[in-house]
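Results of the structural survey
Each chain is listed here by its residues.
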2 protein chains.
Amino acid sequence: MADVAIGVDVGGTGVRAVAVHADGTRAERTHSKDLKTLDRAEVLGRILEVVDQAGGEAGDVVGVGVGLPAFLSLPEGEVRLAPNLPELNGWNAAEELARALGRPVAVENDANAAAYGEAWQGAGKGLDPMIYLGLGTGVGGGIVLGGEVLHGATGMAGELGHLTVYPEGAQCGCGAHGCLEAYASGTGIRRAFLEDTADIPDDAFQAAYGDRDQITAQQIAELAAGGDASAFRVFALAGVALGIALAQLIHVFNPTAIVLGGRVAGGAWDLLWPTLWEELTQRTPPALREPLAILPARLGADAGAVGAAGLAWRQVGAA
Amino acid sequence: MADVAIGVDVGGTGVRAVAVHADGTRAERTHSKDLKTLDRAEVLGRILEVVDQAGGEAGDVVGVGVGLPAFLSLPEGEVRLAPNLPELNGWNAAEELARALGRPVAVENDANAAAYGEAWQGAGKGLDPMIYLGLGTGVGGGIVLGGEVLHGATGMAGELGHLTVYPEGAQCGCGAHGCLEAYASGTGIRRAFLEDTADIPDDAFQAAYGDRDQITAQQIAELAAGGDASAFRVFALAGVALGIALAQLIHVFNPTAIVLGGRVAGGAWDLLWPTLWEELTQRTPPALREPLAILPARLGADAGAVGAAGLAWRQVGAA
């Protein structure tokens, strides 16, 4: 059996691991759900468990990469702030994981890991600079430049969900107004849909859409695809917000590829694309659009784990 | 005499050259004005002339760097689009300059050259990532990352004047709405002041401010500093626009330094700063502001030429 690196993606609600060969092929994968209530020791335990499961059958494990849903101080590899797993705040993740796993460990922000995954083995392969946006509950981002994840001064670069698109717009979870995340995340799409349908009485809403509290971005995407005017409008406006944000990134980076991933983008490409592209073309000169491809992500839910594995391979000098 | 590199800054209205030693000290400088009517051969002639003047007394010239007010295709060094010197469009500048000068030549976009100058020998020395914004007639930008100018796919990265700050805002010279340049450039400040004072009858305007057609951003800055409410408001709003734009760059790069230069910033720091900082703090988390210094540029009008010289030194392997 050929050597593998194990990539681990710690999400807000579960831990996923994928064993990946040096050439990027995936050998084994495993998934441990229902993380939300766990503390630091249990997160560590889950990581050890999935690494063991994914690695046991796959081959010799040369290293482990771990993507965490957190701001990390790099190169130290310490968790600075994990909004959805506050028990991890202050955790010296790189050091403790390396000790517990007995192997070289690379830690990375989850969106940066997904960006690296798409650049290494996904839609952005061979395209540089590559910018990744992951539309999920929030909007994560990562930038791969010269084959490396852009980290900035202290490891917190690539916070693309908090690009301002409407300075006086909807309030974002971060407290600021008009962030991309307030429009193009699952949370933002839900908020916009509930606003757009606020005049509909509860019983009529219930009959048409089900429970107000329960509706998801995925349902709204299905409604939009089925012709519902409110749902369609909400995705069209999310596309406009994405177009504004991408125009910023295009002026900044003159990128070769922008890859859109995450659950929300996966199911809604056709809904987002027309307004995204129209807005973007109004805000960028042709010379900056010419070298650019805007692409759907290819690795799906594996992106973060594959990227983390790639970073582990890179750390041991083989990718 | 120690060796020098000559840095040349071709502006919309003149050509400036500075002879710079490998350690960054400036030896000679010269300036050739009134470029506006010149064609390609005359621009080349002016460059040869200033290089000769700056280099003659200073020492042996190891190389020449030239900053051009143009989108350049890199690494080819060809002028893709020079909005204020359209005769240069399509010029194979790197090749023709190297032949005419008989020396190694590095060409660079003028704002990128100024960014490199400030990073190499100015306010951003030793600070990385460093972002430079030059507020002049327009707003130029440049990003220095890992000691190198960020070029992107085809050499056009760092077009920071066209970051959108108000998606439905004032129209920019580029055709898009709400670009930073439409608010924080000399042109933008003039436009905003004329809008803010549009209700004032011509004779009253003339008595208070002089000719409507002739008023400059510098005069408006002086008026603002002297307590004129309209002028003060215009700079305050330019500060807000800068705050919004810088917040984007902070989320993208997690930078160590942002350097503000150019004629407009030079004279108006105290007018721009309060609203800039207030807006920026509302849009960025403390963790991203902690490692960051926002600084006035130090090299003044020499920034572009010094940066071009630094790039020439770098090209011959000495900086």
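Residues numbered from 1 in each chain as written. Chains lettered and ligands numbered in written order. Predicted model: local features only at pLDDT ≥ 70, side-chain atom pairs only at ≥ 80, totals over all residues. Heavy atoms only, no water.

To continue, consider the confidence of the model for chain A. For chain A, per-residue confidence averages 93 on the pLDDT scale, and 96% of positions sit at 70 or higher. Across the whole predicted complex the pTM is 0.95, and at the interface the ipTM reaches 0.95. (pLDDT = per-residue confidence, 0-100.)

Looking now at the relation of the copies chain B and chain A. You can overlay chain B on chain A at an RMSD of 0.0 Å; the transform is a turn of 180° with a shift of 0.0 Å along its axis. What the superposition gives is, in effect, a two-fold axis relating one chain to the other. Residues of chain B ranked by C-alpha distance from the rotation axis are headed by Tyr166(B), positioned 3.4 Å from it. Most of the interface of chain B is mirrored in chain A: 100% of its interface residues are interface residues there too. (Least-squares fit on C-alpha atoms with pLDDT ≥ 70 in both. Contact = heavy atoms within 4.5 Å.)

To continue, consider the nonpolar core. Residues Leu180(A), Phe235(A), Phe253(A), Leu180(B), Phe235(B), Phe253(B) and Ile294(B) are the most contacted members of the largest nonpolar core, which totals 119 residues. Beyond its immediate sequence surroundings of up to four residues, Phe235(B) is in contact with Ile189(B), Ala217(B), Ile220(B), Ala221(B), Ala224(B), Val264(B), Ala268(B), Leu271(B), Leu272(B) and Thr275(B). (Core = buried A, V, L, I, M, F, W, Y, C linked by side-chain atoms within 4.5 Å. Buried < 20%, exposed > 50% of the residue type's maximum accessible area, 1.4 Å probe, protein only.)

Moving on, we get to the packing of aromatic side chains. The tally for this structure, following the rule as stated, stands at 13 aromatic pairs over all chains. Relative to Tyr209(B), the ring of Phe193(B) has its centre 5.0 Å away and its plane inclined at 80°; by these criteria the two rings are edge-to-face. Linking Phe193(B) in helix H5 (residues 186-196) with Tyr209(B) in helix H6 (residues 202-209), this pair joins segments that are 16 residues apart in sequence. Neither residue differs from the other here; Phe193(B) and Tyr209(B) are each classed as buried. Aromatic rings pair up to connect Phe193(A), Phe205(A) and Tyr209(A) into one cluster. Across the ring face of Tyr183(A), the terminal group of Arg191(A) is positioned such that the distance to the ring centre comes to 5.4 Å. Above the face of the Phe205(A) ring, Arg212(A) is positioned so that its terminal group lies 4.3 Å from the ring centre. (Phe/Tyr/Trp six-rings, centres within 6.5 Å; stacked < 30°, edge-to-face > 60°. Helix = DSSP H or I, 4+ residues; strand = E, 2+ residues; numbered from the N terminus. Lys NZ or Arg CZ within 6 Å of the ring centre and 35° of its normal.)

A word on the interface of chain B and chain A. The interface of chain B with chain A comprises 39 residues on the first partner and 39 residues on the second. Across the interface of chain B and chain A, roughly 3000 Å² is buried in total on both sides, 59% from carbon and sulfur atoms. Connecting chain B to chain A are two salt bridges. Taking the shortest distance from any N to any O, the salt bridge between Glu290(B) and Arg80(A) comes out at 2.8 Å. (Buried area = accessible area lost by both parts, 1.4 Å probe. Salt bridge = Lys/Arg side-chain N within 4 Å of Asp/Glu carboxyl O.)

We now examine empty space enclosed by the protein. As enumerated under the stated definition, the model contains two cavities of 30 Å³ or more in all. Ala70(B), Phe71(B), Leu72(B), Asn109(B), Asn112(B), Gly141(B), Gly155(B), Met156(B), Ala157(B), Gly158(B) and Glu159(B) together form the lining of the largest cavity. For the second largest cavity, the calculated volume is near 40 Å³. For the second largest cavity, the full set of lining residues is Ala70(A), Phe71(A), Leu72(A), Asn109(A), Asn112(A), Gly155(A), Met156(A), Ala157(A) and Glu159(A). Looking at the lining of the second largest cavity, its residues break down into five nonpolar, three polar and one charged. (1 Å grid on protein atoms, 1.4 Å probe; cavity = no way out; pocket = protein on both sides within 12 Å on 5 of 7 lines; lining within 4 Å. Points joined across faces, edges and corners; volume = space filled by probe spheres on them. Nonpolar A, V, L, I, M, F, W, Y, C, P; charged D, E, K, R; others polar.)

On to the sheet that holds strand S3 (residues 26-33) of chain B. Residue and element names in this part refer to chain B. The mixed open sheet is built from five strands, whose spatial order is S3-S2-S1-S4-S7. Either end of the sheet is taken by a strand with one partner, and the two such strands are S3 and strand S7 (105-109). Sheet twist, expressed as the mean angle between neighbouring strand axes with direction ignored, is 15°. One ladder, built from six bridges, connects strand S1 (residues 4-10) with strand S2 (residues 14-20); its direction is antiparallel. Counted as the bridge partner of Val8 is Ala17 from S2. This element, helix H2 (residues 93-101), spans strand S4 (61-68) and S7 of the sheet and lies at about 145° to S7. On top of the sheet, helix H3 (residues 110-121) reaches S1, S2, S4 and S7; it is set at about 105° to S7, its chief contact. (Pairing = 2+ DSSP bridges. Axes fitted to C-alpha atoms, helices over the stretch in contact; angles between N-to-C directions.)

Residue and element names in this part refer to chain A. When you tally the buried positions in strand S9 (residues 139-145), you get six out of seven residues, the bulk of the element. In this structure, strand S8 (residues 130-135) lies alongside S9, joined through six bridges in antiparallel fashion. Bridge pairing links Met130 to Val144 in S9. In this structure, the hairpin formed by S8 and S9 is closed by a connection of three residues. Pairing analysis gives two bridges linking S9 to strand S10 (residues 148-149), with the strands arranged antiparallel. Residue pairing for S10: Val144 is matched across the bridge by Val149. With antiparallel pairing between neighbouring strands as the criterion, S9 and S10 make up a hairpin whose turn holds two residues, including Gly146 at a positive phi of roughly 60°.

Quick look at the environment of Thr154(B) now. Residue placement: Thr154(B) occurs in the loop between strand S10 (148-149) and helix H4 (181-184). Each C-alpha atom of the pair Thr154(B) and Arg283(B) lies 31 Å from the other, and the pair is 129 residues apart in sequence. Those residues in contact with Thr154(B) that sit more than four places away from it in its chain are Asn254(A), Pro291(A), Leu72(B), Ser73(B) and Leu74(B).

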